[in-house]
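Residues per chain are reported as follows:
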Amino acid sequence: MTAPDSAFRYEPIAISAESTVVAEFVPEPAGADSYESESQLENRLIAMLREQAYEYLPLHSETQLVANLRVQLEALNSITFTDDEWRRFYGERVASANDGIVEKTRRIQTDHVQVLKRDDGTVKNIYLLDKAHIHNNRLQVINQYEVPGGVANGPAHANRYDVTILVNGLPLVHVELKRRGVDLREAFNQINRYARDSFWSGSGLFEYVQLFVISNGTLTKYYSNTTRDQHLSEARGRRNRKKTSNSYEFTSWWADANNRPITDLVGFTRTFFAKHSLLNVLTRFCVFDADDKLLVMRPYQIVAAEQILRRIETSTNAKRLGTTSAGGYVWHTTGSGKTLTSFKAAQLACQLPQIDKVLFVVDRKDLDYQTKREYDRFQKGAANANTSTRMLRHQLGDPSARIIVTTIQKLSRFVLQNAGHQVFAGHVVIIFDECHRSQFGDMHRAITKAFTKYHLFGFTGTPIFAANAGSGASPLLKTTEQAFGDRLHTYTIVDAIRDANVLPFRIDYVNTIKTAEIITDKQVPAIATEEALLAPERIRQIVAYIREHFDQKTKRNSSYSAQESGWPDSTRCSPRRPSRQPSATTTSSPSVRTSCPLTSSSRSR
């Protein structure tokens, strides 16, 4: 099977700093109104990629793959390898026999500049990827790559892959297709078979694949290489059977900035495979974490991070530093991966040349262990400021410490004890991991008064609006918007349930306070609201209702095996104890809310 021949060639006329995620997706009219075989689907995908300026290569063997890799790296680095130089570089820096998926992923994500020792004794840096100027990277597409069976250092049986995208000659994205109507899991399982049987064969270049895309034309998802690799380890029994980020449930939907899923292969190709989008995902929006897992961000996480970077740029240019218009807040529901999003936003912000420091602030005395590991991995000692105010003072005075993790308590104590410190005049980004009510008081005022050129950003799953602001706070700091600025992006529990990123639940409203109809003065009911809400009789009735209906609402005593029917696709589910289920209880409403998990699903990190 080969791609259709064509004489046309597409080249971009101009390149701009476009958003990775399209602002609003308008689906095209259905293109396939009749049966479409896997072969036809494959040819249509390649045709769309060629229209987007991908170069098609009729390349089907490892010899051809390695020869093309040499040509692409020479072009990227403006160098011509001698045969001896290429043999050494390829054998030691690209395809070492001792390297596996983890080493190759680390090479792409963190060690993408390798050292070549030339024949004359000099050394030269060789870029596998250009992360600073992403459009210097060349994208090519191949299909029906063949892996012969029954040969030395090869699989027992021959394999043939569908579509692979090469970046500078390295296979970094692999697409597995099934005909329309076939369960998407079959494509996922086929990639697992390839991983087990043949990706490692020959020089193991297919172990460089960072992202996998699976599609049956109608439904399309993507996921990272370690999801696939460690899923195989689980299946072999090397890990416990608990579902982790390594199973099919952690494949992701692509979407637009309004969280509208883009599931059809045509829409997915036009958006996700747009050259700037794919290169941004590969070079900026993957996190190779402290556990050697590759986490690829979901579209809502990418949008939030880019909105923060865009707000930094625009407010700096407009000279609005030190005001709420220089910052903003992100409303992403509990369990949707806010810490990963805020971590990536902080990481990208500290790479901006105009930023002196990025402070990542948490509202608890002890940092989450995983968060500390991630920040320390990015910059050694970044989380040490959590240990004492003295350490925080040292790091804030150290120009080389670009990113610092601390608690709001220690930061406010530092502000009170170090008036006139040099950091207060610096260009600083302050990111609050959870911007709750505790930041709406004296500590918030002290911090924003001390720093003069700051951007203030907050992440929250429970924003405070005027309707639920309550009393006791400063009149000017009652809501999340008053404290942090505009809302930059929203991903609510409704979005997360639809995408199967958190546990679904149902909310029942039971009115517990009735107001007499004769009362017309709107001020009268508000006088004794708090007293009525806390009345012992009301509390007793609520507790009795929960005890009576708990088994019915939670199905705690039932066992089942169900097929989810919710949008966008079906996934097998079995009952298990939910972790960190979003709370459906409210204290600001005179109604009782009870939650009921309907099915079991996975949550994002």
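The structure this text deals with has already been given above.
Residues numbered from 1 in each chain as written. Predicted model: local features only at pLDDT ≥ 70, side-chain atom pairs only at ≥ 80, totals over all residues. Heavy atoms only, no water.

Chemist: What am I meant to see in the environment of Ile539 here?
Modeler: As for its position among the elements, Ile539 is in helix H19 (residues 536-554). In this structure, Ile539 is in contact with Leu533 and Leu534, ignoring residues within four places of it in sequence. (Helix = DSSP H or I, 4+ residues; strand = E, 2+ residues; numbered from the N terminus. Contact = heavy atoms within 4.5 Å.)

Chemist: What is the right way to look at the packing of aromatic side chains in this model?
Modeler: Working definition: an aromatic ring pair is given by the centre-to-centre distance plus the angle between the planes. Applying the stated rule across the entire model yields 26 aromatic pairs. An angle of 25° between the planes, with centres 5.8 Å apart, marks the rings of Phe81 and Phe89 as stacked. Of the two residues, Phe81 and Phe89, neither departs from the other in class, the shared state being buried. An aromatic cluster is defined as three or more aromatic residues linked by ring pairs; in this entry it consists of Tyr145, Tyr161, Phe188, Tyr194, Phe199, Phe206, Phe212, Tyr223 and Tyr248. When the ring centre of Tyr248 is taken as origin, the NZ or CZ atom of Lys221, which lies over that ring, is 5.1 Å away. (Phe/Tyr/Trp six-rings, centres within 6.5 Å; stacked < 30°, edge-to-face > 60°. Buried < 20%, exposed > 50% of the residue type's maximum accessible area, 1.4 Å probe, protein only. Lys NZ or Arg CZ within 6 Å of the ring centre and 35° of its normal.)

Chemist: Looking at this structure, I do not really get the pattern of salt bridges. What am I missing?
Modeler: Charged atoms that come close allow side chains of opposite charge to pair. Summed over the entire model, instances satisfying the criterion amount to 18 salt bridges. In this structure, the salt-bridge partner of Arg106 is Asp292, at a minimum N-O distance of 3.1 Å. Taken as a pair, Arg106 in helix H4 (residues 101-109) and Asp292 in the loop between strand E11 (286-288) and strand E12 (294-296) lie far apart in primary sequence, 186 residues in all. Of the charged contacts, one joins Arg498 and Asp499 as a salt bridge, the two residues approaching to 3.0 Å between their closest N and O atoms. One salt-bridge network, held together by shared partners, links Glu36, Arg44, Arg180 and Asp264. (Salt bridge = Lys/Arg side-chain N within 4 Å of Asp/Glu carboxyl O.)

Chemist: What should I look at first to understand the sheet that holds strand E13 (residues 328-332) in this one?
Modeler: Strand pairing within a sheet occurs via backbone hydrogen bonds; the two strands may be parallel or antiparallel. Across the sheet, 6 strands lie side by side as E15-E14-E16-E17-E13-E18; this open sheet has parallel pairing. A single partner strand is all that each edge strand has here, and the edge strands are strand E15 (403-407) and strand E18 (487-491). The average angle at which neighbouring strand axes cross in this sheet is 15°, direction not considered. Relative to strand E17 (residues 453-460), E13 is paired through 4 bridges, and the arrangement is parallel. The residue bridging Tyr329 from the neighbouring strand is Gly458, located in E17. (Pairing = 2+ DSSP bridges. Axes fitted to C-alpha atoms, helices over the stretch in contact; angles between N-to-C directions.)

Chemist: How do you make sense of unusual backbone geometry when you look at a structure like this?
Modeler: A negative phi angle characterises most non-glycine residues, just as the trans form characterises most peptide bonds. Even without a glycine there, the phi angle at Ala53 is positive, about 75°. Here Ala53 is to be found in the loop between helix H1 (38-51) and strand E1 (55-56). In this structure Ala53 comes out as buried when scored by relative accessible area, which is 16%. The backbone phi angle of Lys319 is positive, close to 55°, even though this residue is not glycine. Here Lys319 shows up in the loop between helix H9 (299-317) and E13. Judged by its relative accessible area of 74%, Lys319 falls in the exposed class.

Chemist: Would you mind going over helix H14 (residues 442-450) with me for this structure?
Modeler: Along an α-helix, residues three or four apart share an orientation, since each turn contains 3.6 residues. If you check which residues of H14 are buried, you get His444, Ile447 and Thr448. When H14 is viewed along its axis, its buried side chains cluster within an angular range of 90° and face the same direction. Exposed residues on H14 whose side chains face more than 90 degrees from its buried face are Asp442 and Lys449. Of the surrounding elements, those touching the buried residues of H14 are helix H13 (408-417), strand E16 (427-432), E17 and helix H15 (480-484). (Arc of directions from axis to C-beta.)

Chemist: Honestly, the sheet that holds E1 in this entry has me stumped. Any pointers?
Modeler: On the basis of which strands lie adjacent, the open sheet formed by 6 strands has the order E1-E4-E5-E6-E7-E8 and mixed pairing. Unpaired on one side and paired on the other, E1 and strand E8 (220-224) mark the two borders of the sheet. Here strand E4 (residues 139-147) pairs with strand E5 (residues 159-167) via 8 bridges, running antiparallel. Within the sheet, the bridge partner assigned to Val141 lies in E5 and is Ile165. Across the sheet, H1 lies against E1, E4, E5 and strand E6 (170-177), angled at about 10° from E5, the strand it touches most.

Chemist: What's the story with the packing of H13 against H14 in this structure? I'm lost.
Modeler: Helix packing for two helices is described by the angle between their axes and how far apart those axes are. Their axes nearest at 9 Å, the elements H13 and H14 cross at an angle of 55°. Compared by their axis directions, H13 and H14 come out oblique. When you trace H13 past H14, the crossing you get is left-handed. Mapping the contact onto sequence places Ile408, Gln409, Leu411, Ser412 and Val415 in H13 and Met443, Ala446, Ile447 and Ala450 in H14. The class makeup of the residues in the contact of H13 with H14 is 7 nonpolar, 2 polar and no charged. (Parallel < 35°, antiparallel > 145°, perpendicular 65-115°, else oblique. Left-handed = near helix turned anticlockwise from the far one by under 90°. Nonpolar A, V, L, I, M, F, W, Y, C, P; charged D, E, K, R; others polar.)

Chemist: Explain the packing of H9 against helix H10 (residues 338-349) to me, please; I cannot follow it from the model alone.
Modeler: Between H9 and H10, the least distance of the axes is 9 Å, while the angle of their chain directions is 35°. For the element pair H9 and H10, the recorded crossing hand is right-handed. Of H10, the residues touching H9 (which contributes Gln301, Ala304, Ala305, Ile308, Leu309 and Ile312) are Leu340, Thr341, Ala345, Leu348 and Ala349.

Chemist: What am I meant to see in the pairing of E16 here?
Modeler: Each regular strand shows side chains that alternate between the opposite faces of the sheet. Burial within E16 is extensive, with 6 of its 6 residues counted as buried. Going residue by residue along E16, you find His427, Val429 and Ile431 tucked away on one face and Val428, Ile430 and Phe432 tucked away on the opposite face as well. Pairing of strand E14 (residues 357-362) with E16 involves 5 bridges; the strand directions are parallel. Across the sheet, Lys357 pairs through a bridge with Val428, a residue of E16. Bridge analysis of E16 against E17 gives 6 bridges, and the strand direction is parallel. Note that in E17 the partner of His427 across the bridge is Lys453.

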